[in-house]
Structure formats: C-alpha cells, structure tokens
Amino acid sequence: AENFFFSTYTCHGPVPGEVGLAPPLQGEVRRIDSDGVRRWICSGGSYLASAPNLQLDTQFQGLKGMFTGESMSFMVVSGVGPFLVSGFGRLSEIDLNGTLVVDTGHVVAFQDTLTYSPTKAGSSWVQTFLAGEGIVLRFCGQGKILVQSHNARGFGKTLGSMLPQRS
C-alpha cells in the first residue's frame, strides 16, 4: 500500500523479507527507540522509516521555518518502537541539560522536551545576513538531540560554485 508521503512494505508468506533503504545524502543512518513518553521531532528530510505502530505527524514551523531557511515542517514521531533517521556525514547524540546553540543545517532530530528558538549567529542581524553566517537554533531544556557533521546547504554552495555553467 502507498499513500502520498509513505510506502508500506508487508511480507506475505512464511519467509521473512528485507527492504533496502538509502538516505538521499552520504552519511549515517541511526536507529532510535522511541519510549512512548517523549516524542521525537525530525528536521527536514532526516526521517527515513519506522515501525508501523509508531504515529507520524507533521509539525508546521510557521515563521520559524521561513526564518531559519530550513524545512517549513518537522516530522513528529510518537509511540513505542524503533524508527530510522539519516544524516549527512556522521551523527552524534548529545544529552542536553541546559542550553545548546546549533547551526540549523546540522540539526537532525530532537526530543520534544527541548524547546528551540531561531536566533542570529553574528553579533547583529545585519552582520548575520551580510556575512552569510546564517541562523542558529537555541535549544533549551533536558533531552536528546542528534546532529550531523556536515551541512547539506553549505556543501551545495561549495560544490555548486565549482560546476561549469549550464549552456
């Protein structure tokens, strides 16, 4: 069965089946075991797959999404069971108890016990926009956050400038 956003794979018969999954960019795939107490919020296209008993929903970021320059919505995963996320490069898990500032392009997933707000990377909004330093997310609270070592947008800008012009 298939819907607009997801494909569902079911094995019929006595022999177990396998499904091969590949993220859009080279990097790491991480299994997260959702405990049913905390929801996980996945940024951009980091959500890859999940067990059928988990609930999936989108969370519209509104102005936060437009402001950060990243995806306009997050994928929210809740319930008990495993799911997979992917990241560009290496994934690192951080147990946060306090405040952490992360570049928007490095956020993969975080628990809903953390609050976040976009803020400027530079000392002023003018410097942030003119210097191309971008927007960062300030996370506060206690919970886990997954970050990726590479920033796809930065990689694209670097690679794009090296490609020949289209004719």
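**With respect to the overall build of the chain**
So, step 1. What the chain contains, in helices and strands, is 3 helices and 10 strands.
So, step 2. Ordering the α and β elements of the chain from the N terminus gives β-β-β-β-α-β-β-β-β-β-α-β-α.
So, step 3. For the chain, the proportion of its 167 residues judged to be buried stands at 32%.
So, step 4. Taking contacts inside the chain between residues at least 6 apart in sequence as the whole, the part at least 24 apart equals 75%.
So, step 5. Of the roughly 10,500 Å² that the chain leaves accessible, carbon and sulfur atoms contribute 55%.

**With respect to the packing of aromatic side chains**
So, step 1. Applying the stated criterion across every chain, the model contains 6 aromatic pairs.
So, step 2. Pairing tryptophan 40 with phenylalanine 83 gives two aromatic rings, centres 6.3 Å apart and planes at 65°, and the pair type is edge-to-face. Taken together, the residues tryptophan 40 in strand S2 (residues 40–42) and phenylalanine 83 in strand S6 (residues 80–88) connect sequence positions 43 residues apart.
So, step 3. The class for tryptophan 40 is buried, based on a relative accessible area of 4%.
So, step 4. Ring centres of tyrosine 116 and phenylalanine 139 lie 6.2 Å apart, and the angle between their planes is 40°; on these two criteria the pair is classed as tilted. Residue tyrosine 116 is found in strand S9 (residues 114–120), and its partner phenylalanine 139 is found in strand S10 (residues 135–148); the two are separated by 23 residues along the sequence.

**Comments concerning the pairing of S6**
Side chains on a regular strand alternate between the two faces of the sheet.
So, step 1. Bridge count for strand S1 (residues 27–35) against S6 is 9 bridges, and the pairing is antiparallel. Bridging from a neighbouring strand, glycine 27 pairs with phenylalanine 88 of S6.
So, step 2. Of the pairings in the sheet, the one linking strand S3 (residues 47–50) to S6 comprises 3 bridges and is antiparallel in character. Paired with tyrosine 47 across the bridge in S6 is valine 85.

**Quick notes on the sheet that holds S1**
So, step 1. Across the sheet, which stays open at both edges, the 3 strands sit in the order S1-S6-S3 with antiparallel pairing between neighbours. Sheet topology places S1 and S3 at the edges, where each strand pairs with a single neighbour. Taking the axes of each pair of neighbouring strands and ignoring which way they run, one obtains an average angle of 25° across the sheet.

**Brief notes about the confidence of the model for the chain**
Atom-level detail of predicted coordinates should not be read off regions where pLDDT is low.
So, step 1. Per-residue confidence for the chain gives a mean pLDDT of 82; residues scoring 70 or more make up 80%.
So, step 2. Considering only residues more than four positions removed or in separate chains, one finds that residues 63–69, a stretch of pLDDT under 50, has 15 contacts.

**Looking at a nonpolar patch on the surface**
So, step 1. Where nonpolar side chains cluster on the molecular surface, the patch consists of Tyr9, Val19 and Leu21 and spans about 320 Å² of accessible area.
So, step 2. Structurally, tyrosine 9 is set in the segment before S1.
So, step 3. Judged by relative accessible area, which is 58%, tyrosine 9 ranks as exposed.

**Re the pattern of salt bridges**
So, step 1. On inspection of all chains with the given rule, the structure shows 5 salt bridges.
So, step 2. The partner of arginine 39 in a salt bridge is aspartate 112, with the nearest N and O atoms 3.0 Å apart. Of this pair, arginine 39 sits in the loop between S1 and S2 while aspartate 112 sits in the loop between strand S8 (107–111) and S9, and the two are 73 residues apart along the sequence.
So, step 3. On the basis of relative accessibility, which here comes to 34%, the residue arginine 39 falls in the partly exposed class.
So, step 4. Assessed through its relative accessible area of 28%, aspartate 112 is described here as partly exposed.
So, step 5. Linking aspartate 95 and lysine 144 is a salt bridge whose minimum nitrogen-to-oxygen distance equals 2.7 Å. Here lysine 144 lies in strand S10 and aspartate 95 lies in strand S7 (residues 91–103), a separation of 49 residues in the sequence.
So, step 6. Looking at lysine 144, the relative accessible area reads 25%, which means it is partly exposed.

Cut-offs applied
- Residues numbered from 1 in each chain as written.
- Predicted model: local features only at pLDDT ≥ 70, side-chain atom pairs only at ≥ 80, totals over all residues.
- Heavy atoms only, no water.
- Helix = DSSP H or I, 4+ residues; strand = E, 2+ residues; numbered from the N terminus.
- Buried < 20%, exposed > 50% of the residue type's maximum accessible area, 1.4 Å probe, protein only.
- Contact = heavy atoms within 4.5 Å.
- Areas by Shrake-Rupley, 256 points an atom, 1.4 Å probe, with all protein chains shown as cover.
- Phe/Tyr/Trp six-rings, centres within 6.5 Å; stacked < 30°, edge-to-face > 60°.
- Pairing = 2+ DSSP bridges.
- Axes fitted to C-alpha atoms, helices over the stretch in contact; angles between N-to-C directions.
- pLDDT = per-residue confidence, 0-100.
- Patch = residues over 30% accessible without salt bridge, like charges linked within 9 Å, V, L, I, M, F, W, Y side chains within 5 Å.
- Salt bridge = Lys/Arg side-chain N within 4 Å of Asp/Glu carboxyl O.

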